[in-house]
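Coordinates in review
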Amino acid sequence: VRVIDVGIDLSIRDQPPDHEATLTTLFREHYLGLVRMALLIVGDQPTAEDVVQDAFAALHRRLDRLSDRDNTLPYIRAAVVNGCRTVLRRRKRPFHGQEPEAVWSAESAVFLGEDRREVLLALRTLPHRQREALVLRYYLDLSEAEIAEAMGVTRGTVKSTTSRALAALAKKLGEESR
Amino acid sequence: MSGTEDRLRSALADAARTVRPETLRPLTVAAPDRPRSTRWIVPLVAAVSAGVLVAGVATLRDQGAGRRHETGPVYPPATSVPPPDVSAVTSARVRAATRGVLRITATAPACGRKTVGTGFVYASERVMTNAHIVAGSRGPVEVSLPSGGRRYQATVVLYDPRRDVAVLAVPGLRAPVLTLNPAGASRAAAVIAGYPSSSALVANPARIRARQIAVGPDIYRSPSPVRREIFSLRANVPDGRSGAPVLATDGTVYGMVFATALADDETAYALTAKEITPDAQAGRTADQAVPTQGCSS
């Protein structure tokens, strides 16, 4: 199955077809998970989908240059993390306009419950890198090595970022006094 | 600390589940929301546009930044229509019409790419195709008749990146002229005739699901969205048919394919005959080469 429509690019055509099959499989198996991961970082589904779709577009363009085509999942995970960073950075600029309604908004408390919302709100106040580390660790259950690859940092940094993030989160949630 | 970890795990899992599979946009490989370098950009536009089409419910908020955020449902219930009628392909009139379906090859040296797509003869010495196929091309565009037939050198005389339509002037072209038919409606049987990656012309059965208004970015993702009338089609053309005519069983043209769905092997999108008519008319008399701008992103 080919992945992309179009006036077919000859450079793509010349590839053995299984590369695009790889991409299609990646999409089928991980698209939902990646969108969910992006949602947890950026807060809303439309933006999360944009980020993940961009990542797939970039991966598709690069398919012929990827040295290890079996290793597309870590690659796209890193691309999504990076895309989320771009979005969050852009939101800090002035005149950006209103943010889309986030999963931690008051409305979503109806679905998620106050406790969940409280955690998400606390997560939101953490520095971006800390938020990423926690999502990768506690949502995707990735190993330190995998988190390091996705975030583009060393394993040591992952370890320290995660423990600092968790401590900050616990503090915000007031668990120290419990 | 473990209390925090547990609460975090549950909150993340529950929040993640708010993204339900059926609400995902059916297409991937959407466009970037920022300008990209034009080198080696595979013509993703088609998929991109379709990603945004999503049946026209996509409304642009935050247009200044050229970003899209759907309001309302992002995945409208697919209009259920019967599967395509295979016998449509064998209709004598359809077969005759496919002789007016040409293979288009454009070279865009600045982007290091050569693009192959489909076009169809709609007037004397005039061929219509997608703008994204000829985007950024330099020099003549090559047009060839089916089954290894004659090749011609063509000039882009109309370039409409907003609609994703281009018209080529092909002096001396001898091929049947297809007629635009604005009467395409839901459930109508049709045939998509075009050139996938193999060189031979392929005709696939199709069925119109719905006529829709789609709002989304143009092929350059200009900040102002474009509003187009499209057909969503039930058809299995996962390998792409940009520029292919959607033929009615009598050989007339309901529209021109410009995108296929990615996550779904059974959906293609076409501009309606009504949508492409203004360009078709303008292209009839146009005879000067026009710039094809940059490659599309």
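Quick caveat: nothing in here was measured; it's all calculated off a predicted structure.

Basis of the calculations
Within each chain, residues carry numbers counting from 1 in the order of the written sequence. Naming scheme: in the order in which they are written, chains are lettered from A and ligands are numbered from 1. Local features in a predicted model are, by the rule used here, given only for residues with pLDDT of at least 70; side-chain atom pairs are given and counted only at 80 or more, and totals for whole chains, interfaces and linings are based on all residues. Hydrogens are left out, water is left out, and the side-chain values use all remaining heavy atoms of the structure. For the purposes of this entry, the term helix denotes a DSSP run of H or I that reaches at least four residues, the term strand denotes a run of E that reaches at least two, and both are numbered from the N terminus. Note on classification: 1.4 Å probe, protein chains only; a residue is buried when its accessible area is under 20% of the maximum for its type, exposed when over 50%, partly exposed between these limits. In this description, contact between two residues means that some pair of their heavy atoms is separated by no more than 4.5 Å. Any pair of Phe, Tyr and Trp rings, taking the six-membered ring for Trp, is counted once the centres come within 6.5 Å. Such a pair is stacked with planes under 30 degrees apart, edge-to-face with planes over 60 apart, and tilted for the rest. Both a distance and an angle decide whether a charge sits over a ring: NZ of Lys or CZ of Arg must be within 6 Å of the ring centre and within 35 degrees of the ring normal. For helices, the axis comes from a line fit to the C-alpha atoms of the stretch in contact; other axes are also lines fit to C-alpha atoms, and the angle between any two N-to-C directions lies between 0 and 180 degrees. Angles are sorted into four bins: roughly parallel if under 35 degrees, roughly antiparallel if over 145, roughly perpendicular if 65 to 115, and oblique for all others. Basically, the charged four are Asp, Glu, Lys and Arg, the nonpolar ten are Ala, Val, Leu, Ile, Met, Phe, Trp, Tyr, Cys and Pro, and anything else, Gly included, counts as polar. In this analysis, strands are considered paired if DSSP registers two or more bridges between them. By definition, pLDDT measures how confident the predictor is in each residue, and it falls between 0 and 100. For this analysis, a nonpolar core means a set of buried residues of the types Ala, Val, Leu, Ile, Met, Phe, Trp, Tyr and Cys, connected via side-chain atoms within 4.5 Å. Salt bridges are defined by distance alone: a side-chain nitrogen of Lys or Arg within 4 Å of a carboxyl oxygen of Asp or Glu.

Focus on the overall build of chain B
Tallying secondary structure elements over chain B gives 5 helices and 12 strands in all. Here chain B holds 297 residues, and the buried ones make up 60% of them. Counting only contacts in chain B whose residues sit at least 6 apart along the sequence, the fraction spanning at least 24 positions is 68%.

Details of the packing of aromatic side chains
Residues and elements named next belong to chain A. This structure, assessed with the given rule, holds 1 aromatic pair over all chains. Geometrically, the ring pair formed by Y31 and F56 is edge-to-face, given 5.9 Å between the ring centres and 65° between the ring planes. With a gap of 25 residues between them, Y31 in helix α2 (residues 18-42) and F56 in helix α3 (residues 45-62) connect regions that are remote in the sequence. Accessibility classification places Y31 together with F56 in one group, the buried group. Between the NZ or CZ atom of R137 and the centre of the ring of Y138, over which it lies, the distance is 5.0 Å.

Topic: the packing of helix α7 (residues 128-138) of chain A against helix α9 (residues 155-172) of chain A
Residue and element names in this part refer to chain A. Where α7 contacts α9, the axes come no closer than 9 Å and their chain directions differ by 100°. By the angle class used here, α7 and α9 are roughly perpendicular. Packed against α7, whose contacting residues are R129, Q130, A133, L134, R137 and Y138, the element α9 presents T161, T162, R164, A165, L166, A168 and L169 at the interface. Residues that form the contact of α7 with α9 fall into these classes: 7 nonpolar, 3 polar and 3 charged.

Some points on the packing of helix α8 (residues 144-151) of chain A against α9 of chain A
Residue and element names in this part refer to chain A. Axis separation between α8 and α9 bottoms out at 8 Å; the angle between their running directions is 100°. Compared by their axis directions, α8 and α9 come out roughly perpendicular. Mapping the contact onto sequence places E144, A145, I147 and A148 in α8 and R155, V158 and K159 in α9. For the contact of α8 with α9, the class distribution of residues is 4 nonpolar, no polar and 3 charged.

A few points about the sheet that holds strand β12 (residues 267-272) of chain B
All names here are of chain B. Ordered by their spatial adjacency, 6 strands build a closed barrel running β7-β8-β9-β12-β11-β10, and the pairing between neighbours is antiparallel. Adjacent strand axes in the sheet meet at a mean angle of 45° when their direction is disregarded. Contacting β9 (226-235), β11 (253-260) and β12, helix α5 (residues 273-285) runs over the sheet at an angle of about 45° to β12.

Let's talk about the confidence of the model for chain B
On average, residues of chain B score 78 in pLDDT, and 78% of them are at 70 or above. Every residue in residues 27-77 of chain B scores below 50 in pLDDT, and together they form 156 contacts with partners more than four places removed in sequence or on other chains.

Some details on the pairing of strand β5 (residues 151-160) of chain B
All names here are of chain B. Counting buried positions along β5 gives 7 out of 10 residues, so the element sits mostly inside the fold. Across 4 bridges, strand β4 (residues 141-144) lies against β5 in antiparallel orientation. Counted as the bridge partner of V141 is A154 from β5. What sits between β4 and β5 in their antiparallel hairpin is a turn of 6 residues, with S147 showing a positive phi close to 45°. Where β5 lies against strand β6 (residues 165-169), 5 bridges are found, and the strand directions are antiparallel. Pairing of T155 across the sheet is with A169, part of β6.

Details of the nonpolar core
In terms of nonpolar packing, the biggest core is built from 57 residues, with F56, V80 and L134 of chain A together with L8 and L12 of chain B touching the most fellow members. Of all the elements in the fold, those that place two or more residues in this core are α2, α3, α4 (72-92), α6 (114-125), α7, α8 and α9 of chain A together with α1 (2-16) of chain B. When residues in this core are grouped by element, the largest group, 12 residues, is from α2 of chain A. Apart from residues no more than four positions distant in its own chain, L8 of chain B is found in contact with V119, L123, L134, Y138, L166 and L169 of chain A. With 30 residues, the next largest nonpolar core counts Y122, V191, M256 and A286 of chain B among its residues.

As for the pairing of β6 of chain B
All names here are of chain B. Burial analysis of β6 places 5 of its 5 residues in the buried class, which makes it a mostly covered element. Where burial is concerned, the two faces of β6 agree: the one with V165, V167 and A169 and the one with A166 and L168 are both buried. Where strand β3 (residues 126-129) lies against β6, 4 bridges are found, and the strand directions are antiparallel. Following the sheet pairing, M128 is matched in β6 by V167. Between β5 and β6, which pair antiparallel and follow one another directly, the connecting turn spans 4 residues, one of which, D164, has a positive phi of 75°.

Regarding the side chain of E132 of chain A
Mapped onto the elements, E132 of chain A comes out in helix α7. On the basis of relative accessibility, which here comes to 0%, the residue E132 of chain A falls in the buried class.

Considerations on the pattern of salt bridges
The final tally for this structure, using the stated rule, is 17 salt bridges over all chains. A cluster of three or more residues bridged by salt bridges with shared partners is formed by D115, R116 and E118 of chain A together with R7, D14 and R17 of chain B.

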